[in-house]
Structures are given as C-alpha cells and as structure tokens.
Amino acid sequence: MGILYNSGTVLIIVGLPFFLSGTIGLIRFPDIYTRLHALTKADNVGLGCIVCGLALQSGSIARTAKLLLIWVLVLIASSASCHLIARSALQKNIQPWMRP
Amino acid sequence: MASWLIGGPAVLITSILSLKLAPTSRYSLSIVGIVRFSIFFPYQSFRGGLDVMGRALSWKPRLDPGLISYTTSLPQGAARIFFVNTISLLPGTLSADLLEDHVTIHTLDHTMPIRENIYKLENHVASLMRLSIPAQKKSSS
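Reading guide: rules and limits
- Per chain, residues are indexed from 1 in the order of the written sequence.
- The lettering of chains begins at A and the numbering of ligands begins at 1, in the order of writing.
- Only residues with pLDDT of 70 or above have their local features reported here, since the model is predicted, and side-chain atom pairs are shown and tallied only from 80 upward, although totals for entire chains, interfaces and linings are computed over all residues.
- Where side-chain values are given, they derive from all heavy atoms of the structure, hydrogens and water being excluded.
- Here a Phe, Tyr or Trp ring, Trp counted by its six-membered ring, pairs with any other such ring whose centre lies within 6.5 Å, and the pair is stacked when the planes are under 30 degrees apart, edge-to-face when over 60, and tilted otherwise.
- Think of it this way: any DSSP run of H or I at least four residues long counts as a helix, any run of E at least two long counts as a strand, and we number them from the N terminus.
- A simple rule labels every residue: compare its accessible area, found with a 1.4 Å probe on the protein chains alone, to the largest value its type can have, and call it buried under 20%, exposed over 50%, or partly exposed in between.
- Only heavy atoms matter for contacts: two residues are in contact if any of them lie within 4.5 Å across the pair.
- Accessible area that two parts lose when put together, evaluated with a 1.4 Å probe and summed over both, is termed the buried area.
- Any carboxyl oxygen of Asp or Glu within 4 Å of a side-chain nitrogen of Lys or Arg constitutes a salt bridge here.
- By the criterion applied in these results, polar contacts are pairs of N or O atoms within 3.5 Å in which, for protein atoms, one can donate a hydrogen and the other can accept it, and in which residues neighboring in sequence qualify only through two side-chain atoms.
- Three categories are distinguished: nonpolar for Ala, Val, Leu, Ile, Met, Phe, Trp, Tyr, Cys and Pro, charged for Asp, Glu, Lys and Arg, and polar for the others, with Gly belonging to the last.
- Side-chain atoms within 4.5 Å are what join buried Ala, Val, Leu, Ile, Met, Phe, Trp, Tyr and Cys residues into a set we call a nonpolar core.
- Computed over the protein atoms alone on a 1 Å grid, cavities are sets of points where a 1.4 Å probe fits but cannot get out and pockets are open sets with protein on both sides within 12 Å along at least five of seven lines; a residue lines them when it has an atom within 4 Å of a point.
- Grid points are joined across faces, edges and corners, and a volume is the space filled by probe spheres set on the points.
- Note that patches include only residues with greater than 30% relative accessible area and no salt bridge, and the join distances are 9 Å for like charges and 5 Å for nonpolar side chains (Val, Leu, Ile, Met, Phe, Trp, Tyr).
- Only the protein chains shown count as cover for residues, and all accessible areas are computed by the Shrake-Rupley method using a 1.4 Å probe.
- Strand pairing is assigned whenever DSSP detects at least two bridges linking the two strands.
- For helices, the fitted line uses only the C-alpha atoms of the stretch in contact; every axis is such a line through C-alpha atoms, and the angle between N-to-C directions lies from 0 to 180 degrees.

Q: Where do I start with the packing of aromatic side chains in this structure?
A: Pairs of aromatic rings are described using the distance from one ring centre to the other and the angle between the two planes. All names here are of chain B. Scanning the model with the defined rule gives five aromatic pairs over all chains in all. Residues Tyr-70 and Phe-83 carry aromatic rings whose centres are separated by 6.4 Å and whose planes lie at 45° to one another, so their mutual orientation is tilted. Here the residue Tyr-70 occupies a position in strand β1 (residues 66-71), and Phe-83 occupies one in helix α3 (residues 78-87), the gap between them amounting to 13 residues. In this pair, the class of Tyr-70 matches that of Phe-83, namely buried. Put simply, the rings of Phe-37, Phe-40, Phe-41 and Phe-82 touch in pairs and so form one group of aromatic residues.

Q: What am I meant to see in the interface of chain B and chain A here?
A: Many descriptions give the size of an interface as the accessible area lost when the pieces come together. On the side of chain A, 31 residues touch chain B, which itself brings 37 residues to the contact. Considering only the surface of chain B that becomes buried against chain A, Leu-63, Leu-89 and Leu-94 of chain B emerge as the three largest contributors, covering 19% of it. Across the chain B-chain A interface, the total number found is two salt bridges. The tally of links from chain B across to chain A stands at eight residue pairs in polar contact (both at pLDDT 80 or more). Where the side of chain B that touches chain A is concerned, the elements lending two or more residues are α2 (31-57), β1, α3, β2 (93-99) and β3 (102-107) of chain B. The leading source of residues in the side of chain B that touches chain A is α2 of chain B, at eleven residues. Of the residues assigned to the side of chain B that touches chain A, the class counts are 20 nonpolar, 13 polar and four charged.

Q: Hey, could you run me through the nonpolar core in this one?
A: Here is a general trend for soluble globular proteins: nonpolar side chains tend to be buried in one another's company. By size, the foremost hydrophobic cluster in this structure holds 31 residues, and its most contacted members are Phe-37, Leu-74, Phe-83, Ile-87, Val-103, Ile-118 and Leu-121 of chain B. Elements supplying a minimum of two residues to this core: α2 (32-58) and α3 (61-91) of chain A together with α2, β1, α3, β3 and α4 (114-128) of chain B. For this core, the element with the highest residue contribution is α4 of chain B, accounting for seven residues. Counting residues in hydrophobic clusters, the runner-up holds eight residues, among them Cys-82, Ala-86, Ala-89 and Leu-90 of chain A.

Q: Just to check I follow, could you spell out the side chain of His-124 of chain B for this structure?
A: Residues and elements named next belong to chain B. Turning to its location among the elements, His-124 is positioned in helix α4. Using a relative accessible area of 10% as the deciding quantity, one classes His-124 as buried. Sequence-distant contacts of His-124, defined by excluding residues within four places in its chain, comprise Arg-36, Phe-37 and Phe-40.

Q: Sorry, what's going on with empty space enclosed by the protein here?
A: With a probe scaled to a water molecule rolled over the atoms, the places where space remains empty come into view. All names here are of chain B. Tallying each qualifying case throughout the model produces two cavities of 30 Å³ or more. The computed volume of the second largest cavity comes to approximately 40 Å³. In terms of lining, the second largest cavity is formed by Phe-40, Gln-44, Arg-47, Leu-90, Asn-117 and Lys-120. Taken together, the elements giving at least two residues each to the lining of the second largest cavity come down to α2 and α4. Considering each element in turn, the lining of the second largest cavity owes the most residues, three residues, to α2. A per-class count over the lining of the second largest cavity returns two nonpolar, two polar and two charged.

Q: Looking at this structure, how should I read a nonpolar patch on the surface?
A: Residue and element names in this part refer to chain B. A cluster of nonpolar side chains, Leu-12, Ile-13, Ile-16, Leu-17 and Leu-21, forms an exposed patch at the surface whose accessible area comes to about 540 Å². By secondary structure assignment, the location of Ile-16 is in helix α1 (residues 3-21). Judged by its relative accessible area of 47%, Ile-16 falls in the partly exposed class.

Q: When you look at the layout of surface pockets in this model, what are you seeing that I'm missing?
A: Approximately 640 Å³ is the volume found for the largest pocket. Around the largest pocket, the lining comprises 19 residues; the ones closest to its centre are Val-72 of chain A together with Phe-37, Phe-41, Phe-82 and Thr-86 of chain B. Looking at the lining of the largest pocket, the elements with two or more residues in it are α3 of chain A together with α2 and α3 of chain B.

Q: Whenever I open this one, the sheet that holds β3 of chain B confuses me. Can you help?
A: The strands that make up a sheet are held in pairs by hydrogen bonds between backbone atoms, and each pair lies either parallel or antiparallel. Here we have three strands laid out as an open sheet, ordered β1-β3-β2 (chain B), and antiparallel in their pairing. Taken across any chain shown, the strands that pair with only one partner, and hence form the sheet edges, are β1 and β2 of chain B. Across the sheet, the mean angle separating the axes of adjacent strands is 25° when strand polarity is ignored. Where β2 of chain B meets β3 of chain B, six bridges bridge the pair, whose relative direction is antiparallel. In the sheet register, Thr-93 of chain B faces β3 of chain B, and the bridge partner there is Thr-107 of chain B. Sitting on the sheet, α2 of chain A touches β2 and β3 of chain B, and the angle it makes with β2 of chain B is about 115°. Along the sheet, α3 of chain A makes contact with β1, β2 and β3 of chain B, crossing β2 of chain B at roughly 65°.

Written out as structure tokens, the structure reads:
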C-alpha cells in the first residue's frame, strides 16, 4: 500500500509539468495550429500521468477502471475537437505560421 | 439515484441513435494488434508530450511548421477515423483535414521523419483491425 501510494504521488508530480508546458505553449506559440499541438499533446500526457497516479492510489479496481475510462474519453474528445478546430481554421483560409 | 432519471434515458437514446446513424461496417479486432497498439500508443504520445514541452520551454520556441498531405490506404469508416484521430496525439503531427483518403497534416517541425511515423501508425491501425495495407510508397508531395 505504501509503495503503491507513493509511486502514485510520483506519477502525479510527473504529470504536472506537462500541463504547465501545454499552457506555456498555448501562450508562446505563434498560431492556432501550433497552439493546438501544445494543448492536445501536453495535456493528454499530463492527464495520463495523473490518472495513472490516482489509479495507483485508488485501492479499488472499479475506481481504477473509472479513472482509465475518463482518460480514454478525454483522449477521444480532445483529439476530435482538435481536428475539428484545425479543419475549420483551414477552411477559413487561416494560413499556418511559417518560420521566417 | 435521482441522476439515473436523466442519465439512464440519455444513455439509452444516444446508444440507439448512434447504432442507427453509424455506417454498418463490421470490424474484427486482433488481440495481438491491441497489445501492440497499447504499447505503441502510450509511448508515442508520451514522446509527443515531451516534444511539445521541449519546444514550449526552450528559450526561443523551436518551431518549423508546415503542412503535409498524406494519402491513406485505410478503408473508409472506423479505421480511417481512428487513424486520423490518433495522428493528433503523436509527436509533432496534427490532423487538420480529411477529404476522402487525403489527410492534411500540420506538423510542428517538418524536418522530423513525419511520413515514416505516420506510415508506422497506419500499419498499427491496420493490424489492430485485421486489415492489410500496401507497402510504403515513396513520397507524392
């Protein structure tokens, strides 16, 4: 129990910088497309780490399954909405930023 | 318990609707494919997260974006939709448009081996759904 709990804590701490860098990318990246990259990828990994950490701490299989289900649903929702945002940006003729 | 009053019927109605609306195509999943994919995917998305983190936190964000168009050989339906959605979670790529079998991919850095990575993903999706796709064709824009 102790080891499981502590490794869960480690995983949660590992997940936090991903969320932080997703947000920093959202602020620093130059256009809508690169910002989408930052948000979807970094946040999914961050959430994955936190969900795994919480699953290790949950101590019940039902709760673990629920947590994993949440992660999978968020993955589906975020990749689908990311695709839709990028698609409508392309259709509105928003040109991707290129390196000068 | 009261939440079941709303939740129960909502789940029932959406399930019936999605069964009615979805194209009737049957896919069989392969166990080996699932195992391979459940190793490949978390590893790749972790790399994708690290990649974005490195670029976002570096002193001057290292970006060299571009659009790539890719022709997929996966059949229409579940396989193609699954493929397009997973592209966005791999390192440096984001699916920006899908028209028939043409996928427009936005990449953070077009000096990365994007085509090779996408082809690898395509292969994984194919083996997941017991499909076979032709060997990698050389370029085409």
